[in-house]
Each structure stands twice: as C-alpha cells, then as structure tokens.
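# Observations on the model geometry
One letter stands for each residue in the lines below.
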Amino acid sequence: MYLSRCVSAIVARVGRALPLAAVLVLVGCAGYSGSGLQPGVATLADVLALMGSPALAWRDADGSEQLAFPRGPAGTQTFMVFIAPDGRLRARKGVLDTEHFARIEAGRSNQDAVLRLIGPPVAHWTAYFPARNELVWEWRFCDSWNQVARFAVLFDATTGIVRTTQQHQELAGFDGVAPFCGH
C-alpha cells in the first residue's frame, strides 16, 4: 500500500520522462518505511541496512528490541520496529496516529513512556515555558482528514509527567490551509 502511494507520488512529480529517477526515488521510499521487510524473515541487520540507524532503541528483559525511526520534521511518520529475541523482525508499525496518541494519559504517562510509544519529537520544535514550568514536545503527522497536522505533548517540566496533549492542523499550505499529505 505504501509503495503504491509512493509510486503515484513519483509519477506525479517526475512524469514519464525520467524513469531512472523514478526508480531511484522508489528505492528510497521502500527504505524510508521499511515496507519491504517481512516479519519472521528479515533480520536486525536487514532492518538497519534498509532503514538506517534508529534514533532510539530499547532492549527488553527477554532479549527483544524496539527501534524508533522518526521521519520528521519533513516526513509525517515514525516507524517502530520490533525485533524478536532471535534477531528476526516481529513487526513494523507507523505510530503517529490517533490510536497511539490516545494511549498517552494526562497525569500518568511520563516522558519515557511517550518516547517508547511514538518516538522522539522534532528537536527544534521542543519548547520550555518557564512561567508554567512546562515542556512541550511536538510531532508532525497526517490527521484523519489526510492533512498535515501537529501533535503536542505538554509535560510538567519538574516531574516529566504529561499534563495534556493537543493537536492542530499545520496551517502552512496555500492561503493558510493545511496541505494534504499526498497519500
């Protein structure tokens, strides 16, 4: 599914005149999301060769691993890759969506839990507001209307506990309207 959207975007951008360029971009799209990786078949080495180095990684007590591959700030997705204790791919998931955002609980979730759930925020969008003693992390994503939006988590800067979350459209498109995501 992702690959077909990527092909459509390539054809729209490059047209039929540059098939070699389209193939090169297509190879980049496959690596970008890891969509060609098959659970149970692909190894950790395959994941790293295709997707690059993760921004964050966690190792669980059972030997399994979780790797975060954020594709922002220009991209609108973070992919979490789960590696089984035997070193094979268990799953690959896009996590910047309302399903994952809904798991962040005000008053209960902390910074570590948020990182593990949806990956690192865009670093240059992180802000601290001293008057409120509040730290804000922000991600760019595609909302349910297929428009570019921002999701923010507001933390108590002392405790690191989530105070609240919010989302809004990214009003950066033509005439201040949120642009469509293109898929």
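Residues numbered from 1 in each chain as written. Predicted model: local features only at pLDDT ≥ 70, side-chain atom pairs only at ≥ 80, totals over all residues. Heavy atoms only, no water.

### Regarding the overall build of the protein
Spelled out, the test is: Each helix is a run of DSSP H or I of at least 4 residues and each strand a run of E of at least 2, with the numbering of both proceeding from the N terminus. It only takes one pair of heavy atoms within 4.5 Å for two residues to be counted as in contact. Accessible surface is estimated by sampling points in the Shrake-Rupley manner with a 1.4 Å probe; for residues, cover comes only from the protein chains shown.
Counting its regular elements, the protein contains five helices and eight strands. Long-range contacts, defined as pairs at least 24 residues apart, comprise 38% of the intrachain contacts of the protein with a sequence gap of at least 6. When the accessible surface of the protein is split by element, carbon and sulfur atoms take 58% of a total near 10,200 Å².

### Some thoughts on the sheet that holds strand β4 (residues 89–94)
As a reminder, the rule being used: Two strands are counted as paired when DSSP detects at least two bridges linking them. As a rule, the C-alpha atoms of each element are fitted with a line to give its axis, helices using only the stretch in contact, and angles between N-to-C directions run from 0 to 180 degrees.
Here we have four strands laid out as an open sheet, ordered β1-β2-β3-β4, and antiparallel in their pairing. Both outer strands of the open sheet, β1 (56–59) and β4, are each paired with one neighbouring strand and no more. In this sheet, adjacent strand axes meet at a mean angle of 15° when their direction is disregarded. Here four bridges tie β1 to strand β2 (residues 65–70), and the two strands are oriented antiparallel to one another. Each bridged residue has a counterpart across the sheet, and for Leu56 the counterpart in β2 is Ala68. Relative to the sheet, helix α3 (residues 44–51) contacts β2, β3 (78–83) and β4, its axis offset from that of β2 by approximately 10°. Most of the contacts of helix α5 (residues 111–118) go to β3, to which it runs at about 90°, and overall it touches β1, β2 and β3.

### Focus: the state of the cysteines
Stated precisely, the cut-off is as follows: In this description, the term disulfide denotes a pair of cysteine sulfurs within 2.5 Å. Per-residue accessibility, obtained with a 1.4 Å probe over protein chains only, is compared with the maximum for each type, and a residue is labelled buried under 20%, exposed over 50%, and partly exposed between these values.
Throughout the structure, instances matching the rule amount to one disulfide. Residue pairing for Cys142: its cysteine sulfur links by disulfide to Cys181, the two sulfurs lying 2.1 Å apart. In this structure, the disulfide formed by Cys142 and Cys181 twists by about -130° around the S-S bond and is classed as left-handed. One end of the pair, Cys142, is in strand β6 (residues 134–142); the other, Cys181, is in the segment after β8 (162–169), with 39 residues separating them in the sequence. Exposure remark for Cys142: the relative accessible area of 15% places this residue in the buried category.

### Remarks on α5
For clarity, the cut-off: Starting at the helix axis, one direction is taken to each C-beta atom, and the arc is that of these directions.
Every buried residue belonging to α5 is among Val114, Leu115, Leu117 and Ile118, and all of these are buried. Taken end-on, α5 shows its buried residues confined to a sector of 170°, consistent with a single buried face. Among the structural elements, β1, β3, α4 (98–101), β6, β7 (148–156) and β8 are those in contact with the buried residues of α5. Trailing α5 by a residue or two, Gly119 shows a phi angle of about 85°, which is positive.

### A look at the sheet that holds β8
Pairing between the strands of a sheet is mediated by backbone hydrogen bonds and can be parallel or antiparallel. Strand order in the open sheet formed by four strands is β5-β6-β7-β8, with antiparallel pairing between adjacent strands. Because the sheet does not close on itself, it has two edges, and the strands there are β5 (127–129) and β8. Ignoring strand direction, the axes of neighbouring strands in this sheet form an average angle of 25°. The pairing of β6 with β7 spans nine bridges and is classified as antiparallel. Of the residues in β7, the one forming a bridge with Arg140 is Arg150. Lying over the sheet, α5 contacts β6, β7 and β8, oriented at roughly 10° with respect to β6.

### Section: the environment of Asp62
Under the convention used in this document: Two N or O atoms form a polar contact when they lie within 3.5 Å of each other; inside protein one atom must be a possible hydrogen donor and the other a possible acceptor, and for residues adjacent in sequence the pair counts only when both atoms belong to side chains.
Assignment of secondary structure puts Asp62 in the loop between β1 and β2. Accessibility expressed as a relative area gives 48% for Asp62, which makes it partly exposed. Of note is the side chain of Asp62, whose polar atom sits 2.6 Å from the side chain of Ser64.

### Considering the side chain of Glu138
Relative to the assigned elements, Glu138 resides in strand β6. Among the polar contacts made by the side chain of Glu138, one reaches the side chain of Arg150 at a distance of 3.2 Å. The contact partners of Glu138, leaving out residues within four places of it in the chain, are Pro121, Val122, Trp125, Arg150, Phe151, Ala152 and His168.

That is the geometry; function is a separate question.
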